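A closer look at the structure
In case you want the letters, here they are:
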Amino acid sequence: MQQKYRDAGQIAENDAEELRSQLQLLLRHLESFDDYETANGNPLPNSYAQALMVLLGFHHEDTSPTLSDLVELLNIDKSNVTRLCQRMRDAGHIDIVRDQRDRRAKRISLSSEGLALAQHVNASSVERFGTLIGSMHDAEKQRVLDSLILLNEVIERRSEEHTSELQSPCSS
């Protein structure tokens, strides 16, 4: 019986190594696959392009996120989001205003120049991913999408569990 547990542990370790390896490969492919650039062909950092597309989503909903919203949605720390927003504001792509209801919070919205850039970046990204998924058979598309949805759900659930563990008082 102890052999069974050792084999299960080995399988789990192999699964973990394979998952890590495949995800690392996927991330490397995505970094080169979805290179972002301006309409003039100037490269955009991934975090900058991701922020533009997140802000475009808020623009379509006719709302403006706070810095805290961007921290959560971009999954980067507050100091990096603050610096990113400063660069975006300096480039004329976003406007930052104090929240009317909570003067401590800042709301971010796309400027007209930022909106045009966000639409360009989003359209280019959708086109590239459309080409990729268009090269798959229907059954493959569904398997890939279902797997990615499941993986994201598991990661989010684990992240919530981890956060809750960190916030729980220590039991002694």
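Look above for the structure.
So, here is what we can say about the structure in this document. Nothing here was measured: the structure is a model prediction, and the numbers come from that model.

For the chain, the count of helices and strands is six helices and four strands. For the chain, the succession of helices and strands along the chain, N to C, is α-β-β-α-α-α-β-β-α-α. In terms of overall dimensions, the chain is more spread out than a globule: its C-alpha atoms have a radius of gyration of 20 Å, far above the 16 Å expected for 172 residues. For the chain, the C-alpha atoms occupy an extent of roughly 65 × 55 × 25 Å along the three principal directions. In the chain, 49% of the contacts between residues at least 6 apart in sequence involve partners at least 24 apart. Total accessible area on the chain is roughly 12,800 Å²; 51% of this is exposed by carbon and sulfur atoms. Across the chain, 19 positive and 28 negative side-chain charges occur, with their mean positions spaced 7 Å apart.

Let us now look at the pattern of salt bridges. Scanning all chains against the criterion turns up four salt bridges. Between D99 and R107 there is a salt bridge, with the nearest N and O atoms lying 2.6 Å from each other. The residue D138 makes a salt bridge to K141 at a minimum N-O spacing of 3.6 Å. One end of the pair, D138, and the other, K141, are both in helix 6 (residues 138-167), three residues apart, so they sit about a helical turn from each other. On the accessibility criterion, K141 (25% relative accessible area) is partly exposed.

Rules behind the numbers
Residues numbered from 1 in each chain as written. Predicted model: local features only at pLDDT ≥ 70, side-chain atom pairs only at ≥ 80, totals over all residues. Heavy atoms only, no water. Helix = DSSP H or I, 4+ residues; strand = E, 2+ residues; numbered from the N terminus. Rg over C-alpha atoms; globule rule 2.2 N^0.38 Å. Contact = heavy atoms within 4.5 Å. Areas by Shrake-Rupley, 256 points an atom, 1.4 Å probe, with all protein chains shown as cover. Lys, Arg positive; Asp, Glu negative; His and termini not counted. Charge placed at Lys NZ, Arg CZ, Asp CG, Glu CD. Salt bridge = Lys/Arg side-chain N within 4 Å of Asp/Glu carboxyl O. Buried < 20%, exposed > 50% of the residue type's maximum accessible area, 1.4 Å probe, protein only.

Scope: geometric values only; no functional claims are made or implied.
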